[in-house]
Structure formats: C-alpha cells, structure tokens
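Structural overview for review
Spelled out from the first residue to the last, the chains are:
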Amino acid sequence: MSQNKSQAVIIQNPRVTWEGCSVLLDINDGDRLVFARLSAASTLKIGNKNFSLQPLIGCPFGSSFQIEIGDKGPFLSRFVASIEGNNAQEKEDFESQEISKDNRALVDNNKAQSLTGEDIDAMRRQGATGDEIVDALIKNSATFEKKTLFSQEKYKLKKQKKYAPKVLLRRPVARSICEAYFKKYPARIGFLRVDTLSLLLSMANVSANSDVLVVDMVGGLLTGAVAERLGGTGYVCGTYLGGTPYPMDIVRIFNFSDEVCNRIVRAALTELSLTPTVTLEQIHQQENELNMECLSNPQMSSSVSIEEISPSEKEISVPVPENVVSLVNKMGKSTKAGNKASQQAIELWKENGFSSLIIAAPELDIWSLLQDIWPLLSNSAPFAIYHQYLQVAPCDSSLMPSCILMMPLATCMHNLQLGKMAIGLQISEPWLREYQVLPSRTHPCMQMNAFGGYILSGTKICSS
Amino acid sequence: MLPVDPNKKLSFTRSICDGDLVIVYERHDNMKALKVCKDSVLQNRFGVFKHSDWIGKPFGTKVFSNKGGFIYLLAPTPELWTLVLSHRTQILYIADISLVIMYLEIVPGCLVLESGTGSGSLTTSLARAIAPTGHVYTFDFHEQRAASAREDFEKTGLSSLVTVGVRDIQGQGFPDELSGFADSVFLDLPQPWLAIPSAGKTLKPDGVLCSFSPCIEQVQRACDTLRSNFTDIRIFEVLLRTYEVREGKRDCGQADGGNLGSLPRKRRQRSSEGNSAHDNLSYPSVMARPCSEAKGHTGYLTFARLKCLS
Ligand SMILES: C[S@@+](CC[C@H](N)C(=O)[O-])C[C@H]1O[C@@H](n2cnc3c(N)ncnc32)[C@H](O)[C@@H]1O
C-alpha cells in the first residue's frame, strides 16, 4: 500500500490526476456531480452504460471527456476544446440576427423532428458519435432555423446533454466540495453555503501554523476546509460532546497528503477541559478504541458522498508507476485524518489555548457549548460561529414565557457582551447573488439561494 | 501578523513585546494600528497611555490611562488590518475578500498575482492564504502607492511573502518571467479586459482568475474577452447584512405590549433603565434586528478558469 512512500514527490497543489486520487466529476454542466476515486477498476454510469475511469488517470484537472466509440465499444475520451477564435464576429452576428428574429412563427408540436428514435439507434449502431447525432437532429428539425439564436443554442445544448454528454474533471477542494454538496445535499453540510464557509475561515483568521479548534457537525466540510488552509502546518482539532466524534467523512474527499492528514486531530471536549486526571493507560485505551472506529469504517466515504463510486478493494494493491507524481498511500491515507490528539498537544492547548475557534453545530445549544469551550481559547483569539436558525424555542410555549423569542446567536452575543468576554462582536448574514453575463442578455440569475445562515464573530479578551 | 516560526507556534505566549504591532481597540468603530515602543505614549480622549505599561501583558488585555480610561490591545489579523489601514484607494472588505480567496482556490504554497495593489487590503489576506511557502506578486503603476504598500507589509511582517512591483499591468501585462507559473490571478483595475490576455498567459491551465469591478459595463467587457481562453465564468455579488443586538424590556402583561418595538429609541432606552417594580410583567429581553444601514454594492466579482488546452 505504501511501497512508493520513499519516492513520493510531495506537491501541495497537484493539478494532474493519479491512480487512487479523489476527483469530482461534473456531468453536463453540473446536472450530475459525482465524487470518485480513479482506478483501473472504477467506473461511471452514464445513461445505462458503465464507463471505465481509467482514461482519466494522468489527465490534468479541468480536462473534459466525451464518449467515443472504439473497437471494444464506447469509452471516455479526452477532448481539447479549441480556442474560440472568431469570438467578436460571432457576437456581432448574434446581435444583428437577434433583433431581426422572433418566435411568432414557431409552432411547438412533436412533428418538428423527423428523426425517430429508431433512426437514432441505427446511427448509434453504425458508430455515429454523439456530436454527429446532435447535428443530424438539428438538420432534421423543421423549426430549428426559425428559432432565435438564443433558442437555437438552448436546443443544441439540450440535445448535447442527451446524446453527447460531457464529463468535466474537477479538483475536489473546499470550493468545489462545498458547492457540490450545497447543490445536491445541502442538509448534510448544515446548509453551509460557500460564501459563508469562506467567511468563517477569514473571521477565525485560519492561517498556516495556527491551532484551530472546530466543532464540526457539518460532515467534515469545515474540518477539511480548515486543514486545506493549514497546508500541513499547525493543527485543526475537532472537538465533540459525549464519547463519539462527529463524522467527518467529507475530509476523505479532499486529496490531502499525509502531512495534512496528520494535522487533523480530534479530542473530546471533556479531555480538553479536564485538569489532567486521566491516566496514561486510559488514554491509550481510548486511542485504541478510536483507531478501531476508523478501521471498522474503511469504506466510509462511499456512504457519504453525493454519488460516490465505491473504490474496489483490489485497487489499493495496484502499484503506482514510479514516474507518476504520487501522494503515497492514496487509498489509506485519508483514513489517518482525525486521529486522537496526542496528550502532549492537549496539554499545550490547555496551557496556551487555541489560536482560534469555529463552530458549525446546528444541533447544539450554542451558548452552553461556548461556555465550555471558552477557557480553551487563547486571549485575543478570533472566533466565528455559524448558525442557521432564526428562532429556536420550545414548541410547547408553556415551558417558557410566551413572549421570549430566541435568535440563538443574538442571545450568545448578548451574553458575551454582558460577561465582558469578547469585543468586536457582530452578527452577519451573507447575501450572495449570481449573474448571467452574456451579450445583450445580462441579468441576475433567475434562481438564487435566499439564505446563507448567520455568523457570530468576535475576538476574545482577557478576563479581568 | 502571521505565526511564521513553526517552532514557536505551539508554545506561543501571546504577550506584547517592544516593537510589536498591536491593534488599539477603543470601540468597534474606532480602532488603530500601533507599533509598541517602550518610550512612547498614546494620547486619546481617554487620557495618556504609556506603551511601557503594555509590554509583557497578553494580547487581548485591557489597559488603563493616567485618567482611568481604558482600551483593549489586540493581536493584528488581516481582518483587523483591513479596518485600520490607511485608505490610499478604495479597498476590498471582508465579504469580497473571503469569497475571492475561496473561489481562487488559494492554499499554502500557491503563487498568486494581483493588480492593482491599491491599499493592500486584499494583499494582506492573499499573503495569509499562501503562507508559509507561497508568494504574492502584486503590481501597481502608482509608484507612491507601491512604496506605501511595501512599508505596510514590512510593518505587518509580510514582506517575505509579498513582492510589490511598479508596473502598468493594463499596458504591459504581467512580467514574462511569471508566464505559466500563477495558480491564481486577481485584478482590481479600471479596464480589466486589457489585462486578461496577459493574465491568461501567466496562469497554469485550470488556474482561476478573478476580476473585481464596480460597474456592470466593466464586467460585460471583461466577460467578452474571457470567453476566448477561459471557461466556467461565474459572476457574483456578495454583501453582508449585519444585526444589532441590545437589551430591552418587553412588556408581556398587556394585550398591545408587542408593539414596543415601534416606540422611538429614546423612550425605549429610558424605559429599560427605569425601575421595573411598577410593571412586574415585563421581562428583560435580548432584541435583535437587521441594521438599517448597510452597503448596497461594492462590486461584481467575475471568476473564470483558464481552459486546459494541452
Ligand atoms: C481600487 S485600487 C485596488 C484596491 C485593492 N484591491 C485593495 O483592496 O486595497 C486600484 C489600484 O489599481 C491601480 N491601477 C490602475 N490602473 C493600473 C494599471 N494600468 N496598472 C497597474 N495598476 C493600476 C491604481 O493605482 C489603484 O491603486
């Protein structure tokens, strides 16, 4: 598994895939987003066919693939988009034609297309490529010429998606992972939007060589994003209430090197808070338990990812060619992230405090959590707390005076103010709007996400 | 500003030393940066503060003046720096800065290009993101601004991570020596489309470019240029809505008690200060509402990825 360790060339920011690397496959401009690990054995299902991912190995991130027909049937083949040379000309054409055309003559019925399903199947059998099929569909469309350029484009795109799907190879980094989850499974990351995540990282001054304490109940996205910014220096320590660490499966989607993984540790809040009464023996025992937990879940990533292609057992033993830049130990590597924090580190943190704190724990009572965590934070440490609820109140109003409403972060902020615990306190709610910018067709996107959650940020001051 | 020495990191004691940069916090809207100098004093409306009293105290500490007034001394961060730096130009603030760093996929070790440097607000955050092994090359054609920025990076301890060049990026493009080396490029220029072809040359394939422009016409032209060599073009506007939180009393005893929020501010405050013995049905409450004043627009952020052509 790690026989290549000695020759490994460590590159912080690899831009070419390798055997065993984690990738994000973007199919048809975000219609489908699939996290996968590249190996000779891994496959991707498009339509009703499975395609080997082998051709993606060794390709630069950012490259695109389409289906080609070879001797052994269809396979994924890289294609290089050409530079659009006559862009300016196209634009002018577009603008002049756009004005003169409209769709008053357009009748939408099913007779517009003279090519039947059987015709298309026949073309396929004869080895026509997806693009050829799309061209044929356009030629045989009675209405295509009458459409405005804009709707022609739309028509073509729609047919392309169906008959000539495109697979884009994306780098799994905090940005792409957060966006993919937010788009497909937002609840799994506590609806943490990418701009909100980016704010948490800034507000908590996450930087190389810092020791960041996190409460990550967003599947490991926060932990991974912090670790990415640490780049193998400092520590990100995930703390938790009770005996079981919160799941952080998303960390495994990042292509973290051993150096980075070693900087991702976990410790129960009680361990961090207690004055040292735990014996060394107890610590070792706990350590074993934690390792067991990791080992018993080697396929953890397959259950969490959006549409993960489960890596086959075999691929782990496939030797990596020596000339390939490798990040050693690819499959097993991410398993290591999230080891128990060493007793030595814990002692140092107890003494000096963490350099900053980020909480993304939609399920916990923030104020009581914060009170427990507070002593672990060094003086002048910035912190950022994410919360998505406007109100958390008992459903049964008789439990509380009916006139008290709670915005959890507001209460928290108020208590920090009263206790003179922090300054520079602010609650902010990010707002993000995306635009479509096209010749003569610029406007805000029709869909927007209306809520990025709330953030409470501030700086801890010395208690006097 | 950044913990550059990894050996000191775990055992760092954040106590103030002679020569340290500190952020003097009077109020959230009144802060400034200072170099601690043992023979100096700080004089403000609260009185006279002797720097020598500060040395040896932890960052985050409250210090007093001769008249008993107090301030807080904070460790500098890029966020605080953005709030205290001297404005030589318009600058980027936290919401835009954060999204830029995230979307440009900047991580430790990256090589990042920027133009113009302006007041170095963004540059400071870029430096934090590429530390400890990456580098930021930032260019401004304004000699004096470049020099002031250099001084600032010296002050904030970032000089080893940032190189400031004087160059007309719209006219000359980025230096040829950097061709093909940049992981990310950031432009805050009046005519970004003039610099985009050069940005394309300096970027690695799949590297990300960002252009910040206040006006939509600038975005439109930039996008026209981007479409030939770039893909994945995304345009965003990001803003922050902030909330004010204060304590007040809510009168729950009367049927119409709920409309207290509509009382003028002065009266509300008076009533919250007053003795509550006579209205025993009112509860001290935490009240939160969005601040009515906010930035409505900073600029559009245009992101694009260099096409992979090889
Ligand atoms: C708005 S400021 C940048 C502010 C910066 N982003 C910050 O956060 O502090 C724009 C800067 O671009 C510089 N600039 C304008 N045209 C330029 C050119 N052709 N080449 C290089 N710099 C230029 C100006 O001198 C100015 O300092």
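Residues numbered from 1 in each chain as written. Chains lettered and ligands numbered in written order. Predicted model: local features only at pLDDT ≥ 70, side-chain atom pairs only at ≥ 80, totals over all residues. Heavy atoms only, no water.

As a reminder, the rule being used: UniProt positions are given in the numbering used here, feature names are shortened, and annotations may be inferred rather than shown by experiment.
The name an unreviewed UniProt entry assigns to chain B is tRNA (adenine(58)-N(1))-methyltransferase, from the organism Juglans regia. Chain B has a UniProt comment under Sequence similarities (unreviewed entry) that states "Belongs to the class I-like SAM-binding methyltransferase superfamily. TRM61 family." If you open the UniProt record of chain B and go to Subcellular location (unreviewed entry), you find "Nucleus".

In the annotation of an unreviewed UniProt entry, chain A is listed under the name tRNA (adenine(58)-N(1))-methyltransferase non-catalytic subunit TRM6 and assigned to Juglans regia. Taken from UniProt, the Subcellular location (unreviewed entry) comment for chain A reads in full: "Nucleus". Its UniProt record gives chain A a comment under Sequence similarities (unreviewed entry), which states: "Belongs to the TRM6/GCD10 family."

**Structural notes on the interface of chain A and chain B**
Formally: Contact definition: two residues touch when any of their heavy atoms are within 4.5 Å. Accessible area that two parts lose when put together, evaluated with a 1.4 Å probe and summed over both, is termed the buried area. Salt bridges are identified by distance alone: a Lys or Arg side-chain nitrogen within 4 Å of an Asp or Glu carboxyl oxygen. Two N or O atoms form a polar contact when they lie within 3.5 Å of each other; inside protein one atom must be a possible hydrogen donor and the other a possible acceptor, and for residues adjacent in sequence the pair counts only when both atoms belong to side chains. By the criteria applied, helices consist of DSSP H or I runs no shorter than four residues and strands consist of E runs no shorter than two, each listed in order from the N terminus. Classification used: nonpolar for Ala, Val, Leu, Ile, Met, Phe, Trp, Tyr, Cys and Pro, charged for Asp, Glu, Lys and Arg, polar for all others including Gly. We treat two strands as partners when DSSP finds at least two bridges between them.
Chain A puts 83 residues into the contact, and the matching count from chain B is 74 residues. Counting the surface lost from both chain A and chain B, the interface buries some 6800 Å², and carbon and sulfur atoms represent 57% of this. Scanning the region where chain A abuts chain B turns up six salt bridges. The partner of glutamate 434 of chain A in a salt bridge is arginine 234 of chain B, with the nearest N and O atoms 2.6 Å apart. If you look at where chain A meets chain B, you find 22 residue pairs in polar contact (both at pLDDT 80 or more). Listing elements by their share of the side of chain A that touches chain B, those giving two or more residues are helix H1 (87-100), helix H5 (174-184), helix H6 (194-203), helix H7 (221-230), helix H13 (343-352), helix H15 (408-418), strand E14 (422-436) and strand E16 (454-460) of chain A. Considering every element that reaches the side of chain A that touches chain B, the biggest residue donor is E14 of chain A, with twelve residues. Of the residues in the side of chain A that touches chain B, the class split is 37 nonpolar, 30 polar and 16 charged. Two elements, E14 of chain A and strand E12 (residues 230-251) of chain B, share nine bridges in a ladder whose sense is antiparallel. In the sheet register, leucine 432 of chain A faces E12 of chain B, and the bridge partner there is valine 238 of chain B.

**A word on helix H8 (residues 216-229) of chain B**
How we decide: Take the number of residues in a helix, subtract one, and multiply by 1.5 Å to get its expected span. Using a 1.4 Å probe on the protein chains alone, a residue whose accessible area is under 20% of its type maximum counts as buried, one over 50% counts as exposed, and one in between counts as partly exposed.
Taking 1.5 Å per residue as the helical rise, H8 of chain B with its 14 residues ought to reach 20 Å, and the 21 Å between its terminal C-alpha atoms agrees with that figure. Within the sequence span of H8 of chain B, burial applies to Gln218, Val219, Gln220, Ala222, Cys223, Asp224, Leu226, Arg227 and Ser228 of chain B.

**Thoughts on the sheet that holds strand E6 (residues 73-79) of chain A**
Residue and element names in this part refer to chain A. For the record, the criterion: Fitted lines through C-alpha atoms give the axes, limited to the stretch in contact for helices. The angle between two N-to-C directions lies from 0 to 180 degrees.
Read across the open sheet, the five strands follow the order E2-E1-E7-E5-E6; overall the sheet is antiparallel. The open sheet has two free edges, formed respectively by strand E2 (32-37) and E6, since each of these has just one partner strand. For this sheet the average axis-to-axis angle between neighbouring strands, irrespective of direction, equals 35 degrees. Pairing of strand E1 (residues 22-27) with strand E7 (residues 166-170), which is carried by four bridges, proceeds in the antiparallel orientation. Along E7, the bridge assignment pairs isoleucine 27 with valine 167.

**Focus on unusual backbone geometry**
Residues other than glycine predominantly adopt negative phi, and peptide bonds predominantly adopt the trans conformation. All names here are of chain B. Here serine 115 and glycine 116 are connected by a cis peptide whose omega angle stands at -10 degrees. Here glycine 116 is to be found in the loop between strand E7 (111-115) and helix H4 (121-130). Here alanine 131 and proline 132 are connected by a cis peptide whose omega angle stands at 5 degrees. On the secondary structure map, proline 132 appears in the loop between H4 and strand E8 (135-140).

**Some points on the packing of aromatic side chains**
In plain terms, the rule: Centres within 6.5 Å make a pair out of two Phe, Tyr or Trp rings, where for Trp the six-membered ring is used; the pair is then stacked when the planes are under 30 degrees apart, edge-to-face when over 60, and tilted otherwise. In our convention, an over-ring charge means Lys NZ or Arg CZ found within 6 Å of a ring centre and within 35 degrees of that ring's normal.
Counted by the stated rule, this structure contains 17 aromatic pairs over all chains. Seen from their ring centres, phenylalanine 64 of chain B and phenylalanine 70 of chain B are 6.0 Å apart, and the 65 degrees between their planes marks the pair as edge-to-face. A residue is classified by how much of its surface remains accessible, and phenylalanine 70 of chain B, at 36% relative accessible area, is partly exposed. A connected cluster of aromatic rings, assembled from ring pairs, spans Tyr25, Phe64, Phe70 and Tyr72 of chain B. Over the ring of tyrosine 235 of chain A we find arginine 263 of chain A; its NZ or CZ atom is 5.0 Å from the centre of that ring. Positioned over the ring face of phenylalanine 70 of chain B is lysine 62 of chain B, at 4.2 Å from the centre of the ring.

**Overview of the pattern of salt bridges**
Evaluation of the coordinates by the stated rule reveals 22 salt bridges over all chains. The partner of aspartate 31 of chain A in a salt bridge is lysine 161 of chain A, and the shortest N-O contact between them spans 3.4 Å. Of this pair, aspartate 31 of chain A sits in the loop between E1 and E2 while lysine 161 of chain A sits in helix H4 (residues 149-163), placing them 130 residues apart in sequence. Salt-bridge contacts for glutamate 244 of chain B lead to arginine 289 of chain B; the nearest nitrogen and oxygen are separated by 3.3 Å. Highlighted residues: glutamate 244 of chain B in strand E12 and arginine 289 of chain B in strand E13 (residues 282-290), separated in sequence by 45 residues. Here glutamate 244 of chain B falls in the partly exposed class, since its relative accessible area comes to 23%. Residue classification places arginine 289 of chain B among the partly exposed residues on the basis of a relative accessible area of 44%.

**Here's the deal with the UniProt feature "binding site: S-adenosyl-L-methionine" (unreviewed entry) in chain B**
All names here are of chain B. The feature "binding site: S-adenosyl-L-methionine" (unreviewed entry), as given by UniProt, occupies Ser119, Gly120, Ser121, Leu122, Asp140, Asp168 and Asp188 in the numbering adopted here. Tracing the sequence through the fold places aspartate 140 in strand E8. Given a relative accessible area of 6%, aspartate 140 falls into the buried group. For aspartate 140, the residues in contact, after removing those within four places along its chain, are Gly116, Thr117, Gly118, Arg145, Gly165, Val166 and Arg167. Secondary-structure assignment places aspartate 188 in the loop between strand E10 (182-187) and helix H7 (192-202). Each residue touching aspartate 188, except ones within four places of it in the same chain, is listed here: Leu92, Ser115, Gly116 and Phe212.

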